[in-house]
Amino acid sequence: MNAHDRERFWNERAHELLTWSQPWSKACPDSFDAAPGWFAGATLDVSANCLDRHVAAGRADVPALIWQGEPEDEAVVFTYGRLLADVRRAAVVLAGLGVSAGDVVGIALPALPELVVSMLALARLGAVHLVFPAGLSPAVISERLGACKAKLFITADGFYKAGRPVPLVQPQDVPRRVLVRRTGRPMEDQRPGDVWWHEAIAAHPTPPNLPGAMHGASDPLFILYTSGSSGHPKGVVHSAGGFLTACASSAREGFGVGPGMTIWCQAEPGWIMGHAYAVYAPLCLGATTLLYEGSPGYPQPDRIWRIAQKHQVATLLTTPALTGQLMREGEAWPAARDLPSLKFIVSVGEKLTPENRSWLARSVGKGRAPVVDAWGQTETGGVLMLSGSQGGLAPLSGVEAGVEPGVQAGGHLAILSPWPGMAVRLVEGSLDAKEHYDTGDLVQTTPDGKFIIQGRSELAGSDLPLVDVEACVAAYPDVAEAAAVASGDTVVVYATLRAEAADPEHMESVLTDAVRREVSGPEFPLSIRIVEELPKTRSGKIARNALRGAAEGRMGDVSGLADPSVMSTLLGDKDALF
Ligand code: AMP
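Residues numbered from 1 in each chain as written. Predicted model: local features only at pLDDT ≥ 70, side-chain atom pairs only at ≥ 80, totals over all residues. Heavy atoms only, no water.

Draft legend 1. Broad picture of the nonpolar core. Among the nonpolar cores identified, the biggest contains 115 residues, and L83, F255, Y277 and Y280 are the most heavily contacted of them. Looking at which element gives the most residues to this core, the answer is helix α8 (residues 272-284), with 10 residues. In contact with L83, other than residues within four places in its own chain, are L51, A64, L65, F78, V117, L120 and L283. (Core = buried A, V, L, I, M, F, W, Y, C linked by side-chain atoms within 4.5 Å. Buried < 20%, exposed > 50% of the residue type's maximum accessible area, 1.4 Å probe, protein only. Helix = DSSP H or I, 4+ residues; strand = E, 2+ residues; numbered from the N terminus. Contact = heavy atoms within 4.5 Å.)

In structure tokens:
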């Protein structure tokens, strides 16, 4: 696509997808250096794009958000009319607490309706939300609130997990708090200045007629930190006009999202895919988004499938981590549920293995709903590449991808020309993108020009065939998940087994033989280690840097892990490795 076609493409998309208040002089910047220049001069009202315009078009009674609580009988349907009313009330409350355009507000909420309402209310004020994913340590939350100069902190008394109310651990050093009541259990550390959300909202029984703030197209809409699967998490800033255009475009083109359909994005709302596909894109496109509060396997491993059936989900956006977990529970659970409404299954966040793909296609899609792999990063503001149902990723329309050669075998995936969803800057500093944007992911190309992602390059080993070894182990039917890391000259593969698999010692020798036979040759220094659990980041990605530490007997920095105790178990077993 030449610069002229690209400009025309995004020009048309932005007009089709969004309502703008002030037109732009030029849609598309010429280079990444000028990336904040998307839709230069234009303004838009983000919350009106997500809410008011659908209500004005006579769709006030259409469901915008379906919230399913962990207790089965707690499900609430928010129509576009109701969501708009709730957002207006919340915006007035937040304005009354001193929030105005450009202010940053931290949000650490479980998957409750108030999370969506507060994000949109902040957008309505022109303020910037900074959502924290579940399980982040209180110290990290305080540090990020400080780094972003947050003015307010919205959090909750707790949440439900596997049937139990669990308190949210509260960071100490935070700005004034707004507290959402979920469990109703007494909070130990009430602080002066705390405001209860339900009390403040109750003061506005009639939703005030508060018009939305205008965003300049490149004004910040939110800040989000990367998951840190590859090192220290960085805060990236996404723009109102660019992000909204790109995420709505990818959801419509890539996942068939539109009016009258329900999308369930199972990635947490506190990660980029959740921002894009659980909140902004479905609402922008007038679709219905489903938010589930609880554990996927509670009270039984078919909970996910029951929810999808009950709420007639059409697009299921899932992750390999969750799929792996469900696969371990056995195929009988999804097999017992017919999901006639399901049209499309998308997996995002990590490589979709052929085993995961065929399991999803067979047991969940029942041969009717195709399964596609989708690639994106926090920095890219959502999905940029999608596979066909046979694998190999291709860029979505308006996106140009290529290979940055020479770094390591295969090279890095590079995005060759600007597209509107690219983050505009970092909290500290600017993004390193000039001629093109180097994603840092190792990639190979197929003969027909598709891309196969092999993971973050800094996680790859030296010359060792980690990718091939890992694929060989993961392909074994009894293996649930596998990750290969390099420790000196040795490849160490950590693997978990499916519930019904044979005994671990036997599997270790079977897999060692398989790798030596199919990949490496007999002399290859290899250690296969069957473990109960792999260390994961909070977004459910396998933390390969932590595994490399474990293979070398180091605990390393475990602050990014969902459950650091997994590392202690791995290290306890270390002597058995070699
Ligand atoms: P984050 O920005 O923390 O959400 O992580 C983004 C990273 O996840 C990417 O740079 C990739 O390494 C990885 N990733 C995301 N989607 C895929 C996918 N479909 N296949 C392989 N890796 C993926």
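From this point, the discussion proceeds with the structure in view.
Draft legend 2. Inspection of unusual backbone geometry at higher detail. Backbone torsion omega between Y298 and P299 reads -5°, so that peptide bond is classified as cis. The phi dihedral of F39 falls on the positive side, at around 50°, and the residue is not glycine. Within the fold, F39 resides in the loop between α1 (3-17) and β1 (43-44). Judged by relative accessible area, which is 0%, F39 ranks as buried. Phi at A162 takes a positive value of approximately 45°, unusual for a residue other than glycine. Within the secondary structure, A162 is located in the loop between β7 (158-161) and β8 (164-167).

Draft legend 3. Looking closely at the environment of R181. Counting through the fold element by element, R181 comes out in the loop between β9 (176-180) and β10 (195-196). In sequence terms R181 and E114 are 67 residues apart; their C-alpha atoms lie 10.0 Å from each other. In this view, R181 contacts D157, W196 and H198; residues no more than four positions away in its chain are not counted.

Draft legend 4. Up close: the domain arrangement of the protein. On domain assignment, one finds that the protein holds domain 1 (3-445) and domain 2 (458-577). Here domain 1 and domain 2 have C-alpha centroids that lie 31 Å from each other. Inspection of the region where domain 1 meets domain 2 yields one salt bridge. With a shortest N-O distance of 3.2 Å, E481 and R328 are connected by a salt bridge. (Domains from an automatic or database assignment. Salt bridge = Lys/Arg side-chain N within 4 Å of Asp/Glu carboxyl O.)

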